[in-house]
Amino acid sequence: MSAKMPDTTPARQRPCLIHSVAAALAREAGLEAISFDRARKSINVATVGHVSDSTLSEQLADTIEEAQSESASNECGLLTGNFECGKHCGSLAAKERSSVTVKYDGDQITIARLTCPTAPNLWRWRRLPWPKVVQRDVEFIEAEEHAEDWRWQMVAASLCAVFAIAGWWLTRATPHGVLPPLPALACYALAYLAGAWFAAEEVWERLRQYTLDVHFLMLAVAAGSALVNEWNEGAILLFLFSFSGALEHFALFRTRREISSLFKNAPKTATLLDAAGHEKEVPVAELRRGMRLLVKPGAQFPVDAEVVKGATAADESNLTGEASPVEKAIGDTVLAGTINLWGAIEAVVTKPVSQSALQKIIRLIQDAQQQKAPAQRVIDRFSSAYAYGILGLTIAMFFVWWLGFKLPPFTSTAEQESAFYRAMTLLVVSSPCALVLSIPSAVLAAIAWGASHGVLFRGGAAVEKLAHAEIVALDKTGTLTTGELRVEQMQSFPPGREQEVAQLAFSLERLSTHPLARAITRHGKHLQLTPVEFEHFESIAGQGLRARRGGQECYLGRREPLERGPHAAVLAKVPHTEAGFSEVWLSTDHLLGRVLLRDDIRPQARTVLENMRAAGLRTVVLTGDRRATAEHLKSQLPVDDVRAELHPEDKVAAIRKLSEGGQHVVMVGDGVNDAPSLAAAHVGVAMGARGSDAALEQAEVVLMHDRLENFLAAFHLSQRARRIIRQNQFISLGTVVMLVGFALAGGIPLTVGVVGHEGSTVIVVMNSLRLLLGRSSAAVAPALVKESAT
């Protein structure tokens, strides 16, 4: 595929799909091209880096839905097979043609990002299913929806205990192993019904799938106890089993409540302004890009938007954990779910609610709760086989005790238990209830604590893997620095044309999301500059941008490429920037200019790095900045190593080099150029809910916006979770081994076996809940070394 694909469609007929796909390419850094084949009902996409199929499918559904909504009639759009929509899209052609290329081939249309000729060689093509466009519901986690589950289970366990005690009271004078009187039998039956109610539902669902689990084993033991007239011991088993089940669901409820408390008050409606300035309340699900909103003081921002009128401050603590208000002015971005503190503002929607930072976080958490830790996957793989093995062992030992040791088969006496009684005891104590819960209970608790304290783990694997970190590689811009660069000065050579430099730089950078580009774009909006249109954009990897306008070429980027061009003599007289400053050069045939920017080091960076070093972590900074700037950073911060002038592929090579010898390297970054490094690292950590989508897609851990110290919280939490998982496994396995040994020797009553088995399950669940009692990131840093030592 060439960098500039010819468009053979007449100028007056343009597909409305171009507008939506161009917007998708602009906001999704890893997406390079999309090809629609209407005849085969197939979609092929080209990406750079790792992008999940589910994420791409969601993006395509949004893109097609947007294309449909923008069309003037139902006859226009991809799904109806009509790519043409006349004048409506014809007005968009010039704007979209500056950023994308379009190629038609019969029933196939390919829309690609404008790039250099060699870039398509690095693209990865894949086929996705043809999306079905439906109205997407906004997702809100509501823990209250299932809040009563654990309560009803606790009620059932309590009823089981009450009826079991009543049955025992009525059978005090009944000999051992004899059928109890009818009133006691009725009490035991009610105890069995209450204690087995919820377990029986799960057993039935498993049996329909032809699988057995721990619930089946417990019910089998309770039924066996009733068959040999040991009703009281069966009731005790069901009480403890239902009680531990209620505690397990309570733990899950607590984790859901920790998460849902962040989002349950998310706005459901928004105030829409029409062209005449009239206000109208609409559901947030109906908001689309470009709509103008009015947000009054005290209200929540309904979607991600850009301020176009007014000024205010936003409370972003529910997303970022930062208690201090964040000032918002024209050109700044406001996030869905955050609170407008004092000023009435007008803002333009930049993302629909389904793609907002708030919904992004919710989806990350939901995905995390479904992804299992490696150790848990091992247990799940063998749990069913273990259940069958225990059943086989129990049956075999029944015959051994009966035929080998001459024990009575079913009827116990005061002097001797039956073979069946011993087999039931063995079945109880060998069931791995506590082991099955040892890992997921701890992982879910860790994810819940992290989500409420500014750390998002994308699954149990991330919780386990981060604890193994030995080297932490950090990007500079946006990670160790604030990432919010500000334009300090515009320079032109010859002097006097600074306004023209600012306008051209703003026009070129306004479509980019790089921190340098954001600063220049924000500066241009504050100056209310009018962007100029360019005919062709070309991204030069690791260098900058090149575009054409009226036959004249315009370059914006690094100094080095210009040192070999017609402006070399002028450049030779201009000294490099001082350490701590960044520069972006602009060049046309008759103009040379420079934009000077400054990015401040995060106030908490020194403390975080000192605590990393104290915790035994080696720190390495990977940056694309000049060597002098990198050395200046090293003199300001306690880092172990700094590597400068690195392109994205150089960062990946550095990660792989650091990983040699089995070292576990964690990469912390925030930008599109960090995505390959995040994928190459043992654990990728993305900075912030407002980081680039490419970085968030690759990362396994997400630190909420602008809180570098949350890395310490994540690392410390991961280590605590690993310790608790090991404690849980020791408790559960140790209890099983000890009780099975006693059961095989015939020296343990069924009641003691039940108490030991269910007691270990309760201990494991309660031990995992300790993770919900951890401290916030602000308290973690000064205590990290002490905690690690203990």
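Our structure's up above, just so we're on the same page.
Residues numbered from 1 in each chain as written. Predicted model: local features only at pLDDT ≥ 70, side-chain atom pairs only at ≥ 80, totals over all residues. Heavy atoms only, no water.

Got a minute to help me understand helix α21 (residues 627-636) in this structure?
Structural remark: α-helix, 3.6 residues per turn; residues separated by three or four positions point the same way. Looking only at α21, the buried set comprises T629, A630 and L633. Seen end-on, α21 carries its buried residues on one side only, within an arc spanning 100°. Residues of α21 that are buried make contact with α16 (476-480), β21 (581-587), β23 (618-622) and β24 (641-643). (Buried < 20%, exposed > 50% of the residue type's maximum accessible area, 1.4 Å probe, protein only. Helix = DSSP H or I, 4+ residues; strand = E, 2+ residues; numbered from the N terminus. Arc of directions from axis to C-beta. Contact = heavy atoms within 4.5 Å.)

Would you mind going over the environment of G544 with me for this structure?
Looking at where G544 falls in the secondary structure, it is placed in strand β19 (residues 544-549). Expressed as a C-alpha distance, the spacing of G544 and G557, which sit 13 residues apart in the sequence, is 4.0 Å.

Help me out: how do you make sense of the packing of helix α14 (residues 440-452) against helix α25 (residues 710-745) in this one?
In helix packing, the relevant descriptors are the interaxial angle and the interaxial distance, both defined with respect to the helix axes. Two elements in contact, α14 and α25, have axes separated by 9 Å at closest approach and are oriented at 160°. One finds that α14 runs roughly antiparallel with respect to α25. For the crossing formed where α14 meets α25, the hand is right-handed. Seen from α14, the contacting residues are S441, A442, V443, A446, W449 and G450; seen from α25, they are A713, L717, A721, I724, I725 and N728. (Axes fitted to C-alpha atoms, helices over the stretch in contact; angles between N-to-C directions. Parallel < 35°, antiparallel > 145°, perpendicular 65-115°, else oblique. Left-handed = near helix turned anticlockwise from the far one by under 90°.)

How should the side chain of T479 be read in this particular structure?
Counting through the fold element by element, T479 comes out in helix α16. Residue classification places T479 among the buried residues on the basis of a relative accessible area of 0%. Apart from residues no more than four positions distant in its own chain, T479 is found in contact with L474, R602, V668, G669, D670, M687 and L708.

So what exactly am I meant to see when it comes to the sheet that holds β23 here?
As a general point, the strands of a sheet are linked pairwise by backbone hydrogen bonds and lie either parallel or antiparallel. Within the open sheet, the 7 strands sit side by side as β15-β27-β26-β25-β16-β23-β24. Their pairing is mixed. A single partner strand is all that each edge strand has here, and the edge strands are β15 (455-457) and β24. Strand-to-strand twist in this sheet, taken as the mean axis angle between neighbours without regard to direction, amounts to 20°. For strand β16 (residues 471-475) and strand β25 (residues 665-669), the ladder comprises 4 bridges, and the chain directions are parallel. (Pairing = 2+ DSSP bridges.)

How should the packing of aromatic side chains be read in this particular structure?
Per the stated rule, a full pass over the model turns up 11 aromatic pairs. Ring centres of F410 and F420 lie 5.5 Å apart, and the angle between their planes is 45°; this geometry places the pair in the tilted category. With a gap of 10 residues between them, F410 in the loop between α11 (374-404) and α12 (419-429) and F420 in helix α12 connect regions that are remote in the sequence. Classification of F420 as buried rests on a relative accessible area of 15%. Taking 6.5 Å as the distance between ring centres and 10° as the angle between the ring planes, the aromatic pair formed by F711 and F715 counts as stacked. Of the two residues, F711 and F715 both sit in helix α25, 4 residues apart, roughly one turn of that helix. (Phe/Tyr/Trp six-rings, centres within 6.5 Å; stacked < 30°, edge-to-face > 60°.)

In this structure, what is going on with the nonpolar core? I would like to understand it.
Considering soluble globular proteins, one finds that nonpolar side chains tend to be buried as a cluster. By size, the foremost hydrophobic cluster in this structure holds 49 residues, and its most contacted members are F457, L480, M612, V701 and F711. The greatest single-element share of this core, amounting to 9 residues, is contributed by α25. If sequence neighbours within four positions are ignored, V701 has contacts with V455, L456, F457, A462, V683, G684, V685, A686 and A714. (Core = buried A, V, L, I, M, F, W, Y, C linked by side-chain atoms within 4.5 Å.)

I tried to follow α25 on my own but got confused; where do I start?
An ideal rise of 1.5 Å per residue puts 52 Å on 36 residues; α25 measures up with 52 Å between its terminal C-alpha atoms. Phi turns positive one or two residues past the end of α25, at G746, with a value near 75°. (Expected span 1.5 Å × (residues − 1).)

Help me understand empty space enclosed by the protein in this model?
In this approach the atoms are scanned with a rolling probe the size of a water molecule, which exposes any empty space left behind. Scanning all chains against the criterion turns up 4 cavities of 30 Å³ or more. As a volume, the largest cavity reaches approximately 50 Å³. Lining the largest cavity, in full, are E417, Y421, R422, T425, F742, A743, G746, G747 and I748. Listing elements by their share of the lining of the largest cavity, those giving two or more residues are α12 and α25. Top element by residues in the lining of the largest cavity is α12. It accounts for 3 residues. For the lining of the largest cavity, the class distribution of residues is 4 nonpolar, 3 polar and 2 charged. (1 Å grid on protein atoms, 1.4 Å probe; cavity = no way out; pocket = protein on both sides within 12 Å on 5 of 7 lines; lining within 4 Å. Points joined across faces, edges and corners; volume = space filled by probe spheres on them. Nonpolar A, V, L, I, M, F, W, Y, C, P; charged D, E, K, R; others polar.)

In this structure, what is going on with a nonpolar patch on the surface? I would like to understand it.
On the surface, a nonpolar cluster with roughly 460 Å² of combined accessible area is contributed by I165, W168, W169 and L170. Of note, W168 is situated in helix α5 (residues 147-170). Residue W168 is classed as partly exposed on the basis of its relative accessible area of 43%. (Patch = residues over 30% accessible without salt bridge, like charges linked within 9 Å, V, L, I, M, F, W, Y side chains within 5 Å. Areas by Shrake-Rupley, 256 points an atom, 1.4 Å probe, with all protein chains shown as cover. Salt bridge = Lys/Arg side-chain N within 4 Å of Asp/Glu carboxyl O.)

Is there a simple way to think about the pairing of strand β26 (residues 683-687) in this case?
Look at any regular strand and the pattern is simple: side chains alternate between the two faces of the sheet. Extensive coverage of β26 is indicated by the burial of 5 of its 5 residues. Relative to β26, β25 runs parallel, the two being bridged by 4 bridges. For G669, the partnering residue across the bridge sits in β26 and is A686. Alignment of β26 against strand β27 (residues 701-703), held across 3 bridges, turns out to be parallel. Within the sheet, the bridge partner assigned to A686 lies in β27 and is V702.

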